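The lines below spell out each chain.
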Amino acid sequence: SYDAVYRHDTSRIQQALIYPPTARKDGIEGKAYVKFVIDSAGNVLSVAMVKSSGCALLDDESVKAIYRASPFPRIPENLNKKSLSFVQGLTFTLK
């Protein structure tokens, strides 16, 4: 199923995250949830915040990371879908 392919790709989204320097300096951590929609070719059509991390810097970076991680795998033709939507949690943790 496409879900299995997508789940394999979630690490690419996490790798696309760039910790905002100001948030890093201030010791801000958090987790944001974004909903995104892809077209049949795997291109991102839209991204929307589902649950804020509580920090605008982290939220903005979460949206940008989805776009940076695209394109995603194509939607298989046998699914007969022009688009698919996903909700992804993105975690910012200082190490």
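A brief report on the enclosed structure follows. As the structure is a prediction and not an experimental result, all values here were calculated from the model. Per chain, residues are indexed from 1 in the order of the written sequence. Totals for whole chains, interfaces and linings use every residue, but because this is a predicted model, local features are given only for residues with pLDDT of at least 70 and side-chain atom pairs only at 80 or more, for both listing and counting. For the side-chain quantities, the full set of heavy atoms in the structure was used; hydrogens and water were omitted.

**Focus: the environment of Ala 56**
Tracing the backbone shows Ala 56 in helix H3 (residues 56–69). Taking the C-alpha atoms as reference points, Ala 56 and Ala 23, separated by 33 residues in sequence, lie 9.6 Å from one another. Secondary structure elements are defined from DSSP: runs of H or I of at least 4 residues count as helices, runs of E of at least 2 residues count as strands, and each element is numbered from the N terminus.

**A word on the sheet that holds strand S1 (residues 30–39)**
Taken in spatial order, the 3 strands line up as S2-S1-S3 in an open sheet, and their pairing is antiparallel. Looking at the sheet topology across the chains shown, the edges are occupied by strand S2 (44–51) and strand S3 (83–92). Each strand axis lies, on average, 25° off the axis of its neighbour in the sheet, ignoring direction. Sheet topology note: the S1/S2 ladder contains 6 bridges and is antiparallel. Paired with Ile 38 across the bridge in S2 is Val 44. In what follows, a contact means two residues having at least one pair of non-hydrogen atoms within 4.5 Å. The angle between two axes is taken between their N-to-C directions and runs from 0 to 180 degrees, where each axis is a line fitted to C-alpha atoms and a helix contributes only its stretch in contact. Each of S1, S2 and S3 touches H3; the most contacted strand, S2, lies at about 150° to it. The pairing criterion is simple: DSSP has to find at least two bridges between the two strands.

**Some points on unusual backbone geometry**
Residue Pro 71 follows Ser 70 across a cis peptide bond; omega there is 5°. Within the secondary structure layout, Pro 71 lies in the loop between H3 and S3. Of note in the backbone geometry, Asn 80 takes a positive phi value of approximately 50° without being a glycine. Tracing the sequence through the fold places Asn 80 in the loop between H3 and S3.

**Considering the pattern of salt bridges**
The salt bridge definition used is simple: a Lys or Arg side-chain nitrogen within 4 Å of an Asp or Glu carboxyl oxygen. Scanning all chains against the criterion turns up 2 salt bridges. With its nearest N and O atoms 3.3 Å apart, the salt bridge here joins Lys 25 to Asp 26. Burial here depends on accessible area, computed with a 1.4 Å probe over protein chains only, as a share of the maximum for the residue type. Under 20% is buried, over 50% is exposed, and the range in between is partly exposed. The exposed category is assigned to Lys 25, whose relative accessible area is 66%. Asp 26 sits in the partly exposed class, given a relative accessible area of 46%. As a salt-bridge pair, Arg 68 and Glu 61 come within 2.0 Å of each other at their nearest N and O atoms. For Glu 61, a relative accessible area of 8% corresponds to the buried category.

**Things to note about the nonpolar core**
Judged by nonpolar contacts, the single largest core of 21 residues is most densely connected at Ile 13, Phe 36, Ile 38, Ile 66 and Phe 72. Sorting the residues of this core by element identifies helix H1 (2–16), S1, S2, H3 and S3 as the ones contributing at least two each. If near-sequence neighbours (up to four positions away) are discounted, Ile 66 is found in contact with Ile 13, Val 34, Phe 36, Val 44, Val 47, Phe 72 and Leu 90. Here, nonpolar core refers to any group of buried Ala, Val, Leu, Ile, Met, Phe, Trp, Tyr and Cys residues whose side-chain atoms link them within 4.5 Å.

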